[in-house]
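Analysis of the macromolecular model
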Amino acid sequence: REGYFVLPPGIDVCGPRMRHFAPSADIMWAEPAKPILKDAEALAKSVEGVYGPGEKPYLAYNLSPSFNWDASGMTDAQMRTFCGDLGKLGFVWQFVTLAGFHLSALNANRLSRTLCGDQSMLGYVEGIQRPERNEGVDTLTHQRWSGADLIDRTLSTMYGHGFSTAIQGEECTENQFGKKEEH
């Protein structure tokens, strides 16, 4: 009624459709119901040679957080090699949709528990600030990420150098991170 043609679900239906659309596609993606390597192998095999003998098209795979990975039937060892196994099949773009959403929610939950619990501010320092420093995460000094340098350049253009309200000025809290801290 809406103009859609309903197809039966399954990898055996996806392969021929992908072969049909391959000449118009830079990369192809079909999302399975579960993360089963055998299905990915079947999908990759179904489009083999679509661009010529021995040519493999670029394939995409959503490592979806909607999958219950612990209930997928894979062992931890199989999960450990899953991305590499997909890469060997031609899945050159592998991504986790909503990874940032899940990561932010988990870390916000962990942080709120430590701040409200026994650790207080030490929970933030141990759980976020020190790991950022130890791993060289650029957001440790976050002012530049929030546009502070752009605001300073704009103000400098308007008022000239040496204005007293510079965000990234001499007294900037970011300058504290150049010093070695004692724990």
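Structure report, in brief. Just so you know, these numbers come straight off a predicted model, no measurement behind them.

**What about the overall build of the protein?**
Looking only at helices and strands, one finds 6 helices and 3 strands in the protein. Taken from the N to the C terminus, the helices and strands of the protein come in the order α-β-α-β-α-β-α-α-α. Burial statistics for the protein: of 183 residues in total, 23% are counted as buried. Approximately 13400 Å² of the protein is accessible, and the part contributed by carbon and sulfur atoms is 56%.

**Quick word on the sheet that holds strand β3 (residues 91-95)**
The parallel open sheet is built from 3 strands, whose spatial order is β1-β2-β3. Two strands in the sheet have a free side with no partner beyond their single neighbour: β1 (28-29) and β3. With 2 bridges joining them, β1 and strand β2 (residues 59-62) adopt parallel strand pairing. Each bridged residue has a counterpart across the sheet, and for Trp29 the counterpart in β2 is Ala60.

**Overview of the packing of helix α2 (residues 37-46) against helix α3 (residues 76-89)**
Closest axis-to-axis distance for the α2/α3 pair is 10 Å, and the angle between their directions is 15 degrees. When the interaxial angle is binned, α2 and α3 end up roughly parallel. Once α2 is placed against α3, the crossing between them reads as right-handed. In this structure, α2 uses Leu37, Ala40, Glu41 and Ala44 to contact α3, whose residues at the interface are Phe82, Asp85, Leu86 and Leu89.

**Side note on the environment of Glu126**
Tracing the sequence through the fold places Glu126 in helix α5 (residues 121-134). Discounting residues that sit within four places of it in the chain, Glu126 has contacts with Gln119 and Pro131. Reaching out from Glu126, the side chain makes a polar contact with the side chain of Gln119 at a distance of 2.8 Å.

**Concerning the nonpolar core**
One finds Met18, Leu59, Tyr61, Leu86 and Phe91 to be the most contacted residues of the largest nonpolar core, which totals 18 residues. In this structure Phe91 touches Ala40, Leu43, Ala44, Leu59, Ala60, Tyr61 and Leu86, once residues within four positions along its chain are discounted.

**Some remarks on the packing of aromatic side chains**
Tallying each qualifying case throughout the model produces 6 aromatic pairs. When the centroid spacing of 5.8 Å and the interplanar angle of 75 degrees are considered together, the rings of Tyr61 and Phe82 count as edge-to-face. One end of the pair, Tyr61, is in strand β2; the other, Phe82, is in helix α3, with 21 residues separating them in the sequence. An identical accessibility class is assigned to Tyr61 and Phe82; each is buried. Ring centres of Trp69 and Phe82 lie 5.6 Å apart, and the angle between their planes is 75 degrees; this geometry places the pair in the edge-to-face category. A residue pair is termed long-range when its members are at least 10 positions apart, and Trp69 in the loop between β2 and α3 and Phe82 in helix α3 qualify at 13 residues. Taking the relative accessible area as the measure of exposure, Phe82 reaches 3% and is therefore buried. Of the aromatic side chains, those joined through ring pairs into one cluster are Tyr61, Phe67, Trp69, Phe82 and Phe91.

About the criteria used
Residues numbered from 1 in each chain as written. Predicted model: local features only at pLDDT ≥ 70, side-chain atom pairs only at ≥ 80, totals over all residues. Heavy atoms only, no water. Helix = DSSP H or I, 4+ residues; strand = E, 2+ residues; numbered from the N terminus. Buried < 20%, exposed > 50% of the residue type's maximum accessible area, 1.4 Å probe, protein only. Areas by Shrake-Rupley, 256 points an atom, 1.4 Å probe, with all protein chains shown as cover. Pairing = 2+ DSSP bridges. Axes fitted to C-alpha atoms, helices over the stretch in contact; angles between N-to-C directions. Parallel < 35°, antiparallel > 145°, perpendicular 65-115°, else oblique. Left-handed = near helix turned anticlockwise from the far one by under 90°. Contact = heavy atoms within 4.5 Å. Polar contact = N/O pair within 3.5 Å; in protein donor to acceptor, adjacent residues only side chain to side chain. Core = buried A, V, L, I, M, F, W, Y, C linked by side-chain atoms within 4.5 Å. Phe/Tyr/Trp six-rings, centres within 6.5 Å; stacked < 30°, edge-to-face > 60°.

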